[in-house]
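So the chains spell out like this:
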Amino acid sequence: MEKVWVYFEKFIRAIVTACLKVLKIELSERQWTTLIQFVKFTFVGISNFLISYIVYALCLAVGFHWLVGSIAGFVVSVLNSFYWNNRYVFTKAKDEKRSTIHALCKTFMSYGFSGLLLTNVLLFLWNDLLHINAFWGPVINLFITTPVNFILNKLWAFRSEKQGETE
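Each chain carries its own residue numbering, running from 1 in the written order of its sequence. Totals for whole chains, interfaces and linings use every residue, but because this is a predicted model, local features are given only for residues with pLDDT of at least 70 and side-chain atom pairs only at 80 or more, for both listing and counting. Remark: hydrogens and water are excluded; side-chain values derive from all non-hydrogen atoms of the structure.

1. Concerning the overall build of the chain
Moving on, step 1. Segments assigned H or I by DSSP are reported as helices when at least four residues long, segments assigned E as strands when at least two residues long, and all are numbered from the N terminus. Scanning the chain for helices and strands turns up five helices and zero strands.
Moving on, step 2. Reading the chain from its N terminus to its C terminus gives the helix and strand order α-α-α-α-α.
Moving on, step 3. Along the longest, intermediate and shortest principal axes, the C-alpha atoms of the chain span 50 × 40 × 30 Å.
Moving on, step 4. Remark: exposure states derive from per-residue accessible area (1.4 Å probe, protein chains only) relative to the maximum for the residue type, with buried under 20%, exposed over 50%, and partly exposed in between. Counting every position in the chain, which comprises 167 residues, the buried fraction comes to 32%.
Moving on, step 5. Contacts between residues were defined by any pair of non-hydrogen atoms, one from each residue, lying within 4.5 Å. Partitioning the contacts of the chain with sequence separation of at least 6, the portion at a separation of at least 24 is 69%.
Moving on, step 6. For the area figures, the Shrake-Rupley method with a 1.4 Å probe applies, and any residue is considered shielded solely by the protein chains shown. For the chain, the accessible surface area stands at approximately 10700 Å², while carbon and sulfur atoms represent 71% of it.
Moving on, step 7. Within the chain, the 10 negative side-chain charges are centred at a point lying 4 Å from the centre of the 16 positive side-chain charges. Charge assignment in this entry is limited to Lys and Arg as positive and Asp and Glu as negative, and neither His nor the chain termini are counted. Just so you know, the charge point we use is NZ for Lys, CZ for Arg, CG for Asp and CD for Glu.

2. Looking at the packing of helix α2 (residues 29-61) against helix α3 (residues 66-89)
Moving on, step 1. All axes are obtained by fitting lines to C-alpha atoms, using only the stretch in contact for helices, and the reported angles, taken between N-to-C directions, cover 0 to 180 degrees. One can describe the packing of α2 onto α3 by two numbers: an axis separation of 8 Å at closest approach and a directional angle of 155°. The angle between α2 and α3 places the two elements in the roughly antiparallel class. Of the two elements, α2 crosses α3, and the hand of that crossing is right-handed. When describing relative orientation, an angle under 35 degrees is termed roughly parallel and one over 145 degrees roughly antiparallel, while 65 to 115 degrees is termed roughly perpendicular and anything else oblique. Two helices cross in a left-handed way if the nearer one is turned anticlockwise from the farther one by less than a right angle. They cross in a right-handed way if the turn is clockwise.

3. Examining the nonpolar core
Moving on, step 1. In this description, a nonpolar core means a group of buried Ala, Val, Leu, Ile, Met, Phe, Trp, Tyr and Cys residues linked to one another through side-chain atoms lying within 4.5 Å. Membership of the largest hydrophobic core comes to 21 residues, with the highest contact counts inside it found for Ile 12, Phe 41, Phe 90 and Phe 158.
Moving on, step 2. Going through the elements one at a time, α1 (2-23), α2, α3, α4 (100-129) and α5 (137-157) are the ones with two or more residues in this core.

4. Let's talk about the pattern of salt bridges
Moving on, step 1. Here, a salt bridge means any Lys or Arg side-chain nitrogen found within 4 Å of an Asp or Glu carboxyl oxygen. For the coordinates displayed, the defined rule picks out two salt bridges.
Moving on, step 2. Lys 40 is paired through a salt bridge with Glu 9; the nearest N and O atoms lie 3.5 Å apart. Remark: Glu 9 occurs in helix α1 and Lys 40 occurs in helix α2; sequence separation between them is 31 residues.
Moving on, step 3. According to the relative accessible area criterion, Lys 40 is buried, its value standing at 9%.

Shown next, in the form of structure tokens:
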């Protein structure tokens, strides 16, 4: 799987480099690292959305209340997110110390904020106040919650204990 991420990163870098050349913009290596992390994080987020929705729909199909489906989908998708983000997005250096259990707890808290609190507040705004079709709210939310989750995960959940920052 690591080879897939390496090829994926090279592919993304080639596309972004071509686009930035047209705009005459250059990125530092640190900016590249952050950009690649964000792109990987976004792909993990898309898988989370799909997993959460499938678990939610399955719970409804077998007769559980929508709230049980929502919570089950949230838990499963956060565990998925943690695995991929810890292993491939916010990788740690060999000399870096980062507690897996602390990172997992922080991941649940950051997604609890954005995945439960912020998402529902935004859905209330889109659905009840602005009267946007209810099927579009979760899609609109992805454009807001993905960057928020990325920042929370990069700067807090997966921060190095040794260096006080992620790679």
